Amino acid sequence: MVAFRKTGSLVSRTIDSISDYLLWYAKNKEQLKFNPVFLSEDTSGTAAQYRYVELPDGQRTRYELGRSVPHGSKSFQPTALHSAEATQAGAFEFELDGLTFAPPLNRHWSTSNEGIARLKAADRIWVAGKTPRYVRYLDDYPVSSLTNVWDDTMGAEDMVYAVQTNTKVVERCILMTTDPGDLVFDSTCGSDTTAYCAEKWGRRWITCDTSRVALAIARQRLMTAKFDYYELREPERGPAGGLIYETVPHITLESIAKNTEIDAIAAEYQPQIDQALADLNDALVGVIQHTEHVGATRRVAPPGPATPQMNSRDCANGRCRERCPIRFGRGKARRHTRSSLP
């Protein structure tokens, strides 16, 4: 059963009715044909849940509505790094930025010790408060699967028939249950939305109706329609060979944790980056010491929230990794490593 929105509102004595229902059935469920249909995150509304942003300089912060962000920023959402129930394999501790973390009570880490190391190397773990979280970017998987509630189908566009259904509803039904070249049948075609959508997506069709008015409208609609052109995957077979669809990346915590190529990249480049950052931090200590000697405090801070004042002792002891106005530390090294990943 699929509920889809059809009208703005129908006044009722009780609760207003704004939806109709699709009944999806098959003679043999084991032989049911199903093609998943995806919506972009912006269309489905999921993008609004990504309320954090990574700025071009690598700084991560919560996004404030109405606040503009620099070009090149990436939206992300920190999600749980642990799963339900305690297991012996997932009860280990790991270190990040000088802090040690263990899974909460009755929980376990969502990946192995090696997987955590790869997530750290890819800069996919971010400490929010006192809890390590997995960094899920919006463009890791910029689509979401269509569910059984369709809230974006209100009203048919350019209606030419009294009971015309929104083309979006019929398109989704055809895309979910048929392949290019399949035959679609509609025994009560009306304005022939079924034939229109089937023709648009490379399906064959048969429609009929008892009303001459409906047939005249359907004929006029199909004869004057314009359709997009799609590339064929196997041109010699025609539409039955399939169409070439747009593809999107699908990056998950598991795919990163099991990517052994990260080990080779980190082993090759991380020592060089660590040495470069150590040299920069040594130079920074000298700058701050000179500034304090002349009785002034030099503050160079990137755009964003104010950072607490530091001194040369903190930098010399390496405690400025999280708070120093000039951030040269392993966090930056991991960003360089991640940008080198395939």
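The structure we're discussing is the one just above.
First, a word on what this report is: a plain description of the structure on this page.

**Things to note about the pairing of strand E12 (residues 131–137)**
So, step 1. With 5 bridges connecting them, strand E6 (residues 74–80) and E12 associate as antiparallel partners. Bridging across to E12, glutamine 77 finds its partner in arginine 136.
So, step 2. In terms of strand pairing, strand E11 (residues 125–128) meets E12 through 4 bridges, oriented antiparallel. Bridge pairing links alanine 128 to threonine 131 in E12.
So, step 3. What sits between E11 and E12 in their antiparallel hairpin is a turn of 2 residues, with glycine 129 showing a positive phi close to 70°.

**Some remarks on the packing of aromatic side chains**
So, step 1. Within the structure shown, the criterion is met by 9 aromatic pairs.
So, step 2. Judged by centre distance (5.8 Å) and plane angle (40°), the rings of tryptophan 24 and phenylalanine 34 are tilted. Here phenylalanine 34 lies in the loop between strand E2 (17–22) and strand E3 (38–40) and tryptophan 24 lies in the loop between E2 and E3, a separation of 10 residues in the sequence.
So, step 3. When the centroid spacing of 6.2 Å and the interplanar angle of 65° are considered together, the rings of phenylalanine 76 and tyrosine 137 count as edge-to-face. Linking phenylalanine 76 in strand E6 with tyrosine 137 in strand E12, this pair joins segments that are 61 residues apart in sequence.

**Let's talk about the sheet that holds strand E5 (residues 60–62)**
So, step 1. Taken in spatial order, the 5 strands line up as E5-E4-E6-E12-E11 in an open sheet, and their pairing is antiparallel. For this open sheet the edge positions go to E5 and E11, each flanked by a neighbour on one side alone. Going from strand to strand, the sheet's axes swing by 45° on average, the running direction of each strand aside.

**With respect to the packing of helix H3 (residues 167–177) against helix H4 (residues 193–200)**
So, step 1. In the contact formed by H3 and H4, the axes pass within 9 Å of each other and the chain directions differ by 55°. Here H3 is positioned oblique relative to H4, judged by the angle of their axes. Viewed along their axes, H3 and H4 form a crossing whose handedness is right-handed. Where H3 abuts H4, its residues Thr167, Val170, Glu171 and Ile174 lie against Thr193, Thr194, Tyr196, Cys197, Ala198 and Lys200.
So, step 2. Tallied by class, residues from the contact of H3 with H4 come to 5 nonpolar, 3 polar and 2 charged.

**Notes on the nonpolar core**
So, step 1. With 16 residues, the main nonpolar core has Leu81, Phe94, Ile116, Leu119 and Ile125 as its most contacted residues.
So, step 2. Elements with a minimum of two residues in this core: strand E8 (94–96), helix H2 (113–121), helix H6 (253–257) and helix H7 (261–293).
So, step 3. Sequence-distant contacts of isoleucine 125, that is, excluding residues within four places in its chain, are made with Arg60, Leu81, Phe94, Leu96, Ile116, Leu119, Lys120, Pro132, Arg133 and Val135.
So, step 4. Within the second largest apolar cluster, 10 residues are counted, among which are Val2, Phe4, Leu39 and Met176.

**Concerning the pattern of salt bridges**
Note on pairing: side chains with opposite charge can pair once their charged atoms come close.
So, step 1. For the structure shown, the criterion picks out 13 salt bridges.
So, step 2. For the salt bridge of aspartate 152 with arginine 172, the shortest nitrogen-to-oxygen distance reads 2.7 Å. Here arginine 172 lies in helix H3 and aspartate 152 lies in the loop between strand E14 (149–150) and H3, a separation of 20 residues in the sequence.
So, step 3. Overall, the relative accessible area of 6% leaves arginine 172 in the buried class.
So, step 4. Overlapping salt bridges bring together Lys33, Asp179 and Asp182 as one network.

**Concerning a nonpolar patch on the surface**
So, step 1. On the surface, a cluster of nonpolar side chains totalling about 580 Å² of accessible area is made up of Met1, Tyr21, Leu23 and Tyr25.
So, step 2. Looking at the secondary structure, you find tyrosine 25 in the loop between E2 and E3.
So, step 3. What makes tyrosine 25 exposed here is its relative accessible area of 67%.

Cut-off values and rules
Residues numbered from 1 in each chain as written. Predicted model: local features only at pLDDT ≥ 70, side-chain atom pairs only at ≥ 80, totals over all residues. Heavy atoms only, no water. Pairing = 2+ DSSP bridges. Helix = DSSP H or I, 4+ residues; strand = E, 2+ residues; numbered from the N terminus. Phe/Tyr/Trp six-rings, centres within 6.5 Å; stacked < 30°, edge-to-face > 60°. Axes fitted to C-alpha atoms, helices over the stretch in contact; angles between N-to-C directions. Parallel < 35°, antiparallel > 145°, perpendicular 65-115°, else oblique. Left-handed = near helix turned anticlockwise from the far one by under 90°. Contact = heavy atoms within 4.5 Å. Nonpolar A, V, L, I, M, F, W, Y, C, P; charged D, E, K, R; others polar. Core = buried A, V, L, I, M, F, W, Y, C linked by side-chain atoms within 4.5 Å. Buried < 20%, exposed > 50% of the residue type's maximum accessible area, 1.4 Å probe, protein only. Salt bridge = Lys/Arg side-chain N within 4 Å of Asp/Glu carboxyl O. Patch = residues over 30% accessible without salt bridge, like charges linked within 9 Å, V, L, I, M, F, W, Y side chains within 5 Å. Areas by Shrake-Rupley, 256 points an atom, 1.4 Å probe, with all protein chains shown as cover.

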